[in-house]
Structures are given as C-alpha cells and as structure tokens.
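Chain and residue survey
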There are 2 protein chains.
Amino acid sequence: MNIKTITISREYGSGGRIIGKILSEELGFDFYDKEIVSLVAKESGFNKDYIDEVEEKKDSKFWDNPYMINTVFNFKDFNKSNISNKDKIQIIQSDIIRNLTNNKPCIIIGRCADYVLNDREDVLNIFIYSNMEDKINRVINEYKVDEKDIENIIKNMDKSRANYYEMYTGQKWGNTKNYHMSLDSSKFGLRGCIEIIKNLLD
Amino acid sequence: MNIKTITISREYGSGGRIIGKILSEELGFDFYDKEIVSLVAKESGFNKDYIDEVEEKKDSKFWDNPYMINTVFNFKDFNKSNISNKDKIQIIQSDIIRNLTNNKPCIIIGRCADYVLNDREDVLNIFIYSNMEDKINRVINEYKVDEKDIENIIKNMDKSRANYYEMYTGQKWGNTKNYHMSLDSSKFGLRGCIEIIKNLLD
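Quick summary incoming for the structure in this document. (Residues numbered from 1 in each chain as written. Chains lettered and ligands numbered in written order. Predicted model: local features only at pLDDT ≥ 70, side-chain atom pairs only at ≥ 80, totals over all residues. Heavy atoms only, no water.)

**Focus on the sheet that holds strand S1 (residues 5-10) of chain A**
Here is the rule we go by: Note: two strands are recorded as paired if DSSP finds a minimum of 2 bridges between them. Under the scheme used here, helices are H or I runs from DSSP no shorter than 4 residues and strands are E runs no shorter than 2 residues, and both carry numbers assigned from the N terminus. As a rule, the C-alpha atoms of each element are fitted with a line to give its axis, helices using only the stretch in contact, and angles between N-to-C directions run from 0 to 180 degrees.
In spatial order, the strands read S2(A)-S3(A)-S1(A)-S4(A)-S5(A)-S5(B)-S4(B)-S1(B)-S3(B)-S2(B); together these ten strands make up an open sheet with mixed pairing. The sheet is open, and its two edges are formed by strand S2 (30-32) of chain A together with strand S2 (30-32) of chain B, each paired on a single side. Strand-to-strand twist of the sheet, defined as the mean angle between neighbouring strand axes without regard to direction, takes the value 20°. Two elements, strand S4 (residues 123-129) of chain A and strand S5 (residues 181-184) of chain A, share four bridges in a ladder whose sense is parallel. Paired with A:Ile128 across the two strands is A:Leu183, which belongs to S5(A).

Take a look at the structure:
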C-alpha cells in the first residue's frame, strides 16, 4: 500500500503519540506533533505561546466561524480578509500540514490532519484509544500527573480534543468512519499497534 | 495473540460478512451468521420465520424491556418468569453465542456478539465499514438488489442494525470503542482486511 503520510488521532493517555513517535523512527518518517506550532509561528508571525493557547482552548465561544476551514480556503486575498487571528492560525496550520505531506514521508499527530488531508489517497488515518485503567496508568507514569482527579483530567482533555475536532471539521471526533483504522491499544499493546500499522506499509 | 472467537459487526454492503466467511475458511474456524437463528429455533421451540421477524424489527416499540439483557440474565426460573417471547429469544440467543465460544474457534457475524462476549479475553471484536459508493456497488452485485433507492435501502438497513444494537446493549452501534479494531474496507479491500485480521492471530 502506497502510504506517504500517517495521521494519528488519539485519546489522551492511549499511547497514540508514542506509537507515532516509534513508528516514525522505525520507518524513517518525519514526525510532527508540537513541531507544527513552531512552523505556524514562523509562518504567521504569532508567538508560539499564543498559538498554543488558541489551540488548546477550542471551545465554541472561542471560535468566530464554525467549519470555516471549509469556506475560507478560497479567499484569494488572505491578509486583507476580515478574519480573526485564531482563524488565520487554523488556515495557516492546515496549509502547513498539506505542504509537509509533499516532502518526505511523515507522521502527524492530531491537529485534524485526517480531515485536512481527506482528499489524498496516499494518506493513512489512524485512531488510537484504550480503556480508562490503561490511560490512567500511562498518564501517571509518563506525564507525572498527580493521581488526584486523574480520570477527570483525562476526560476533560478528550472533551477538549473532541470540541476542537468537531468545531474545525463538522465531524465527530473518534467516530470510526473518519479514520481508515481504529485500534484499541489496551487489546494490542503499543508494540502490537506499531506492528499492525507497519504491516500495512509493506 | 490467543483468540478463539472473532465477532464481526458490519455496515450493510461493506463486505464484513464475506470477510468473516473467507476468514473462517482460511483459519479453519466455524462460521455463524443466519446459522444462529436455527440454533435459537431448536432451543426455544419458536419458528425460524418468527425469530427472523423479531430479529429484523428491533425498533423501540417492539421491545418490552430496553437493556433487559443486562438484568434478566439473573432469572433463575426462566420459563416461569413473566417475560415476552421476543425477550426470551434474545436471552436464548445470547446464551447460545456464549456456548458456541466454548467449543471450536469461531467467527460470529452481528447479533451484538461483541457485547455478549465483552468479558472474554480470547475474543476479538471487529467493525467493518466502507464508503457509500463501494456499498452501493457491492449490494447491487452481490445481493441483486434493484438500483432504485439503493442508497436508502442501505441507510435503512444500517439504521435498523443500529437500533437493534443500541436497544440490546445500551451502546452506540459503530462507536469505535465497542470494538478492538475498526477497518475501512474501501481503503484496504476485502483481501486487505482479511490479511490484517489474520496477522493478529499469528
């Protein structure tokens, strides 16, 4: 199967980011997670912290135009158009994601990349999830988060990701049909998920 | 991975049943789809056509007790208990599914088998879906259905399956998290899906 780009959407604590990181090393693919924020900062002139804040608070009141990514892309005169900084960041980020996939094969974590690239045949969209027990253990061990309220932290992170995705794409985050393959990392383990995905590229 | 039972839930026309059938032949697993109706008929004494009718009209008004499968299983005195024939059929079917998995390795299509067996570690739950174009072509070619209104037929079949599953389990049909793996047969092809699943059992 001719795959040049793998997008990985993932529940918080499911191990999806780690799966993507290891896959990128073993396949020799570039890896983009927070790296995209730096690229957006460079392209837009906005401060990285500002972009982070915009990206992490994507509830509905924070947005000027739901689903605007579908409509604003046709603006010929981007800089003069009457859209907010937040909207500009999303458009620039999507353009960057599209441009990245024209270079070296790469893996992109989150950022609605599955949606941004949904017209591309050489893209593989994966969703990774797991049971709550495994997510709690992983978040405690890897992110050194306090055990108190850990389940609520996980649920809020996923809710925030779902809101962001839905606002940005008009689709439900985690809905099977947005992805080519969804994997339960509790069932297969991180190594199992990596092997399943690698086998698709042989 | 030690897997004795594979359950396959599938969109109408996605090729999920064919994937299961070929898998069963190549793996030497037993295969259960409509065969389960015969087993339910034998066990319950109900006519096969009657069971078919009950199974295919699982909208809410047809049901006496939503989610009853969770609660009625504890009835010690099944025959004397005050539950309807339709409810009895569901309970008998779930018992049959559980018993099947204690014998030879098998593949079970639909019938909420993923939910019925959700406490079993040697069970692999798969969901198969595809894009509408592929579903239309497959339904026309394989089921010899008239092309007129084919998209509505497909949507209604899936709606009926979703209603049945939700009523029976309290979960959303096709929700990623009910399954261990979800596969887009439009992306991987039927043979691709078969190979992905076979690789899990090596």
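**What about the pattern of salt bridges?**
Residues and elements named next belong to chain B. We apply this condition: For salt bridges, the criterion is a side-chain nitrogen of Lys or Arg within 4 Å of an Asp or Glu carboxyl oxygen. For every residue, the accessible area (1.4 Å probe, protein chains only) is compared with the maximum for its type, and the residue is labelled buried under 20%, exposed over 50%, or partly exposed between those bounds.
Enumeration over the complete set of coordinates arrives at 22 salt bridges over all chains. Residue Glu11 is joined to Lys135 by a salt bridge in which the shortest nitrogen-to-oxygen separation is 2.7 Å. Linking Glu11 in the loop between strand S1 (5-10) and helix H1 (16-27) with Lys135 in helix H7 (residues 132-143), this pair joins segments that are 124 residues apart in sequence. Note on accessibility: Glu11 and Lys135 belong to one class, buried.

**Quick look at the relation of the copies chain A and chain B**
Look at the two chain copies: a rotation about an axis and a shift along it is all it takes to match them. To keep it simple, the criterion reads: A least-squares superposition brings the copies together, and it is based on the C-alpha atoms of residues with pLDDT no lower than 70 in both. In what follows, residue pairs with any heavy atoms lying within 4.5 Å of each other are defined as contacts.
Here chain A sits on chain B after a turn of 180° about the axis and a move of 0.0 Å along it, with an RMSD of 0.0 Å. In symmetry terms, the pair is related by a two-fold rotation axis. Counting the interface residues of chain A, we find that 100% of their copies in chain B are interface residues as well, pointing to one common contact surface.

**Things to note about the side chain of B:His180**
Mapped onto the secondary structure, B:His180 falls in the loop between helix H8 (150-169) and strand S5 (181-184). Those residues in contact with B:His180 that sit more than four places away from it in its chain are A:Tyr129, A:Ser182, A:Leu183, A:Asp184, A:Lys187, A:Phe188, B:Val123, B:Leu124 and B:Asn125.

**Section: the packing of aromatic side chains**
How two aromatic rings sit relative to each other is given by the distance of their centres and the angle of their planes. Put simply, the rule reads: A pair of Phe, Tyr and Trp rings is counted when the ring centres sit within 6.5 Å of each other, with Trp represented by its six-membered ring. The angle between the planes then sorts it: under 30 degrees is stacked, over 60 is edge-to-face, the rest tilted.
With the rule as written, the count across this model stands at eight aromatic pairs over all chains. Pairing B:Phe127 with B:Tyr129 gives two aromatic rings, centres 6.0 Å apart and planes at 25°, and the pair type is stacked. Here B:Phe127 and B:Tyr129 have matching classes, each one buried. Each residue in the set A:Phe127, A:Tyr129, A:Trp173 and A:Tyr179 is aromatic and connected to the rest through ring pairs, giving one cluster.

**Some words on the nonpolar core**
To be explicit about the condition: The term nonpolar core refers to a set of buried residues drawn from Ala, Val, Leu, Ile, Met, Phe, Trp, Tyr and Cys, joined through side-chain atoms within 4.5 Å.
With 46 residues, the main nonpolar core has A:Ile6, A:Met181, B:Ile6 and B:Met181 as its most contacted residues. When residues no more than four places from it in sequence are discounted, the contact partners of A:Met181 are A:Asn125, A:Ile126, A:Phe127, A:Ile196, A:Leu200, B:Tyr129, B:Met181, B:Ser182, B:Leu183, B:Phe188 and B:Ile196.

**Some points on the pairing of S1(A)**
Residue and element names in this part refer to chain A. S1 sits mainly inside the fold: six of its six residues count as buried. Burial along S1 is two-sided: the residues Thr5, Thr7 and Ser9 and Ile6, Ile8 and Arg10 are all buried. With four bridges joining them, S1 and strand S3 (residues 106-109) adopt parallel strand pairing. Paired with Ile8 across the strands is Ile109, a residue of S3.

Everything listed is a geometric property; what it means functionally is a separate question.
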